[in-house]
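This is what each chain is made of:
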Amino acid sequence: LSRMLPFGQPGSTLAYFGLGAILAYAYGAYVRAHMPNRSWLRGVFYAVVLFFFAQMIMMPLFGYGFFMGPMPSMVGMLLGMSAYGITLEYLYGHK
């Protein structure tokens, strides 16, 4: 991602962090209230939706095809996003 954005590694890291904060706010403000289950599975469901959005929309926008990349990196991305979603649900559930 940092090679595709014009502001280098530090700017790309900041953009990635900002996107994570925006998605966390969107989850807490809009998405969480409309999900039926009240457990960590809500976070995993949100993460899976983000994963498919990234693979089907964002990857082609950055010049890759649908679901491009080796399988281990895709599994790693899904696990990382799942950890993000579970953390969001935990933090919003304990406020």
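About the criteria used
Residues numbered from 1 in each chain as written. Predicted model: local features only at pLDDT ≥ 70, side-chain atom pairs only at ≥ 80, totals over all residues. Heavy atoms only, no water. Helix = DSSP H or I, 4+ residues; strand = E, 2+ residues; numbered from the N terminus. Salt bridge = Lys/Arg side-chain N within 4 Å of Asp/Glu carboxyl O. Buried < 20%, exposed > 50% of the residue type's maximum accessible area, 1.4 Å probe, protein only. Axes fitted to C-alpha atoms, helices over the stretch in contact; angles between N-to-C directions. Parallel < 35°, antiparallel > 145°, perpendicular 65-115°, else oblique. Left-handed = near helix turned anticlockwise from the far one by under 90°. Contact = heavy atoms within 4.5 Å. Patch = residues over 30% accessible without salt bridge, like charges linked within 9 Å, V, L, I, M, F, W, Y side chains within 5 Å. Areas by Shrake-Rupley, 256 points an atom, 1.4 Å probe, with all protein chains shown as cover.

J.: Would you explain the overall build of the chain in this entry?
T.: Helices and strands together make up the secondary structure of the chain, namely 3 helices and 0 strands. Taken from the N to the C terminus, the helices and strands of the chain come in the order α-α-α. Oriented by its inertia axes, the alpha-carbon framework of the chain measures out at about 40 × 25 × 20 Å.

J.: What exactly am I supposed to notice about the pattern of salt bridges here?
T.: Working definition: two side chains of opposite charge can pair if their charged atoms are close together. Here the structure, examined in full by the defined rule, presents 2 salt bridges. Measuring nitrogen to oxygen at the nearest pair gives 3.1 Å for the salt bridge that ties Arg32 to Glu89. With Arg32 in the loop between α1 (8–31) and α2 (40–61) and Glu89 in helix α3 (residues 71–93), this pair connects stretches of sequence that are 57 residues apart. The buried category is assigned to Arg32, whose relative accessible area is 19%. Notably, a salt bridge pairs Arg42 with Glu89, separated by 3.1 Å at the nearest N-O pair. In this pair, Arg42 is assigned in helix α2 and Glu89 in helix α3, connecting sequence segments 47 residues apart. Of the two residues examined, Arg42 and Glu89, each falls in the buried class. One salt-bridge network, held together by shared partners, links Arg32, Arg42 and Glu89.

J.: I tried to follow the packing of α1 against α2 on my own but got confused; where do I start?
T.: Packed helices, taken two at a time, are described by the angle their axes make and the gap between the axes. Axis separation between α1 and α2 bottoms out at 12 Å; the angle between their running directions is 125°. Put simply, α1 runs oblique to α2. Judged by the twist between their axes, the crossing of α1 over α2 is right-handed. Counting all contacts with α1, which are made through Leu23, Ala26, Tyr27 and Val31, the residues of α2 involved are Arg42, Gly43, Tyr46 and Leu50.

J.: Help me understand a nonpolar patch on the surface, please; the structure alone is not making it clear to me.
T.: On the surface, Phe52, Phe53, Met56, Ile57, Leu61, Phe66 and Phe67 cluster together to form a nonpolar patch covering roughly 690 Å² of accessible area. Mapped onto the fold, Phe53 is located in helix α2. Overall, Phe53 belongs to the partly exposed group, its relative accessible area being 42%.

J.: It is not clear to me how the environment of Ile86 should be interpreted in this structure. Could you clarify?
T.: The topology assignment puts Ile86 in helix α3. Assessed through its relative accessible area of 34%, Ile86 is described here as partly exposed. Sequence spacing of Ile86 and Phe7 is 79 residues, and the spatial spacing of their C-alpha atoms is 31 Å. Aside from chain neighbours lying at most four places away, what touches Ile86 is Trp40, Gly43 and Val44.

Purely geometric stuff here, so don't read any function into it on its own.
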